[in-house]
Amino acid sequence: MREPQRPSLPLSDLPAPGAGRRPIEIAGVTVQPRPDLPPGQTANAAHSALVEGSSGSRRCGLIAIVGKPNVGKSTLLNALVGQKISITSRKAQTTRHRITGIRSLGETQFVFVDTPGFQTRHSTALNKSLNKTVMGAVGDVDLVLFVVEAGSFTLADAKVLSLLKPGVPVLLIANKLDTVHRRAEIAPWLRDMQQRHPFAEFVPLSAKQPRDIERLLGLCSKYLPEQGWWYPEDELTDRSEKFLASEIIREKLFRLTGDELPYTSTVVVEKFDEEPGRTASRMLRIAATLVVEREGHKAMVIGDKGEKLKRIGTESRTELEKLLDAKVFLELWVKVRSGWADDEARVRAFGYE
């Protein structure tokens with residue numbers, strides 16, 4: 001059966017955007033006309049040709065990814081980098097740190113910063129720390145990707161938008177476009193969004209679509225200054241392997257316990273030792289503590305006869321072995337630390353900025 005042709009959404013009747021607006025096109029939605037690529041040329045190739053043909057010099061810059069909790073910022077970061085470096089789950093407030101992801105493509109090096117979702121509820125010491133991280137990330141960047149769900153704009157979105165400083169170009173990333181069933185509703189929504197902020201460009205996309213990610217990379221490159229690269233070409237993140245291990249374990253903790261476990265639960269890596277491997281090039285011994293608020297939460301994490309904790313450990317170890325290219329021996333404990341999220345000293349001790 002022939003697939004029905006998706007309607008495009010020409011927005012030529014939109015008011016003229018601010019200076020710096022460039023034409024873009026995302027699969028299924030046309031924001032402005034853009035030249036077709038030559039036959040056989042991918043968006044990646046077009047991006048490389050653009051940079052190499054214009055000046056021959058390298059570009060490098062810092063790009064902040066901001067938005068309210070659970071709009072897909074970490075999924076977008078992983079897609080832009082091309083490898084998982086930021087954990088994801090359905091639970092809000094999963095990301096708690098400033099995560100830097102690096103992608104070197106053609107003559108351009110993109111340095112992305114994934115931030116926690118800005119917290120508008122529960123003024124705990126942990127949430128204050130998370131918000132401080134967001135504020136710091138948007139303070140000195142070359143470009144901001146403001147991520148919202150396509151067709152939606154809430155009070156929480158508005159709060160994040162109010163944090164953005166004038167003078168820094170902002171791309172409106174309308175994520176989860178694949179979940180919008182009536183594409184005709186996007187056009188008036190985009191017009192409304194233009195009245196809220198002088199966005200440099202509107203980019204409706206799905207972070208799960210490689211074609212959309214390639215085009216977004218091409219767009220971002222034009223906003224980065226011409227300068228030398230900050231990191232080696234094969235670098236993916238500035239975070240340590242120990243940090244990545246704690247994040248992977250925390251992701252499995254959240255995914256396997258569902259909504260019953262409070263988001264304040266955390267993971268602290270107590271030991272991260274590398275030893276010569278007998279059957280592998282690397283061998284890592286990792287010991288981590290899963291910190292929860294109550295005894296009932298501890299029982300939930302351990303599960304019947306320890307089955308839940310065993311599964312958390314098995315899935316964490318399997319993913320860490322792939323991520324770190326090493327044989328991993330992982331030990332997990334569960335401890336109760338009531339009220340730690342309200343204790344500034346303990347928040348800092350657990351590694352939050």
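Look up a bit, the structure's there.
Basis of the calculations
- Residues numbered from 1 in each chain as written.
- Predicted model: local features only at pLDDT ≥ 70, side-chain atom pairs only at ≥ 80, totals over all residues.
- Heavy atoms only, no water.
- Helix = DSSP H or I, 4+ residues; strand = E, 2+ residues; numbered from the N terminus.
- Contact = heavy atoms within 4.5 Å.
- Areas by Shrake-Rupley, 256 points an atom, 1.4 Å probe, with all protein chains shown as cover.
- Core = buried A, V, L, I, M, F, W, Y, C linked by side-chain atoms within 4.5 Å.
- Buried < 20%, exposed > 50% of the residue type's maximum accessible area, 1.4 Å probe, protein only.
- Phe/Tyr/Trp six-rings, centres within 6.5 Å; stacked < 30°, edge-to-face > 60°.
- Lys NZ or Arg CZ within 6 Å of the ring centre and 35° of its normal.
- Axes fitted to C-alpha atoms, helices over the stretch in contact; angles between N-to-C directions.
- Nonpolar A, V, L, I, M, F, W, Y, C, P; charged D, E, K, R; others polar.
- Pairing = 2+ DSSP bridges.
- Salt bridge = Lys/Arg side-chain N within 4 Å of Asp/Glu carboxyl O.

Q: Hey, could you go over the overall build of the protein chain for me, with residue numbers and the actual values?
A: Regarding its fold elements, the protein chain presents 10 helices and 11 strands. Sequence-distant contacts, at least 24 apart, represent 71% of the contacts inside the protein chain between residues at least 6 apart. Summed over its atoms, the accessible surface of the protein chain is roughly 16900 Å², and 48% of this surface lies on carbon and sulfur atoms.

Q: Go over the nonpolar core, please, and point to the residues and values.
A: Core analysis: the biggest nonpolar cluster contains 30 residues, and L76, L80, F112, L145, L171, I173 and L216 have the highest contact counts within it. If you list the elements that add at least two residues to this core, you get β3 (59-66), α2 (73-81), β4 (99-105), β5 (108-114), β6 (143-149), β7 (170-175), α6 (210-221) and α7 (241-257). Counting residues per element, this core draws most heavily on α6, at five residues. Filtering out sequence-adjacent residues up to four positions away, L76 remains in contact with I65, V147, I173, A207, I213 and L216. Core analysis: the next-biggest nonpolar cluster, separate from the first, contains 27 residues, V144, F146, V160 and V180 among them.

Q: Account for the packing of aromatic side chains, naming residues and giving values.
A: Each aromatic ring pair is described using two quantities: the centre-to-centre distance and the angle formed by the ring planes. Enumeration over the complete set of coordinates arrives at three aromatic pairs. Between R285 and the ring centre of F329, over which it is positioned, the NZ or CZ distance is 4.8 Å. Here the basic side chain of K327 rests over the ring of F329, its NZ or CZ set 5.9 Å away from the ring centre.

Q: Give a description of the packing of helix α8 (residues 295-302) against helix α9 (residues 307-324) that names residues and reports values.
A: Orientation of α8 relative to α9, taken along the N-to-C sense of each, is 65°, at an axis distance of 5 Å. When α8 is examined against α9, the residues M300, V301 and I302 are found in contact with a partner set consisting of E307, K308, L309 and I312. Here the residues of the contact of α8 with α9 sort into five nonpolar, no polar and two charged.

Q: So what's going on with unusual backbone geometry? Residues and values would help.
A: Positive phi outside glycine occurs at N70, with the angle close to 70°. Among the structural elements, N70 can be located in the loop between β3 and α2. For K176, which is not glycine, the phi torsion reads 60° and is therefore positive. Relative to the helices and strands, K176 resides in the loop between β7 and α5 (186-196).

Q: Could you give me a rundown of the sheet that holds strand β8 (residues 201-204), with the residues and numbers involved?
A: Spatially, the six strands line up as an open sheet ordered β4-β5-β3-β6-β7-β8, and their pairing is mixed. One side of each edge strand has no neighbouring strand; the edge strands of this open sheet are β4 and β8. Taking the axes of each pair of neighbouring strands and ignoring which way they run, one obtains an average angle of 25° across the sheet. Relative to β8, β7 runs parallel, the two sharing four bridges. Each bridged residue has a counterpart across the sheet, and for L171 the counterpart in β8 is E201. In the packing of α2 onto the sheet, the strands contacted are β3, β4, β5, β6 and β7, and the crossing angle to β4 comes to about 30°.

Q: Can you lay out the environment of T279 for me, pointing to particular residues and giving the numbers?
A: Mapped onto the secondary structure, T279 falls in the loop between β9 (266-276) and β10 (282-292). Placed 48 residues apart in sequence, T279 and K327 show a C-alpha to C-alpha distance of 8.3 Å.

Q: So what about the pattern of salt bridges? Which residues, and what values?
A: Counting across every chain of the model gives 15 salt bridges. In this structure, R59 and E226 form a salt bridge, with 3.7 Å as the shortest nitrogen-oxygen distance. Taken together, the residues span a long stretch of sequence, with R59 in strand β3 and E226 in the loop between α6 and α7 at a distance of 167 residues. Using a relative accessible area of 46% as the deciding quantity, one classes E226 as partly exposed. Among the ionic contacts, a cluster of salt bridges with common partners joins E251, K252, R255 and E319.

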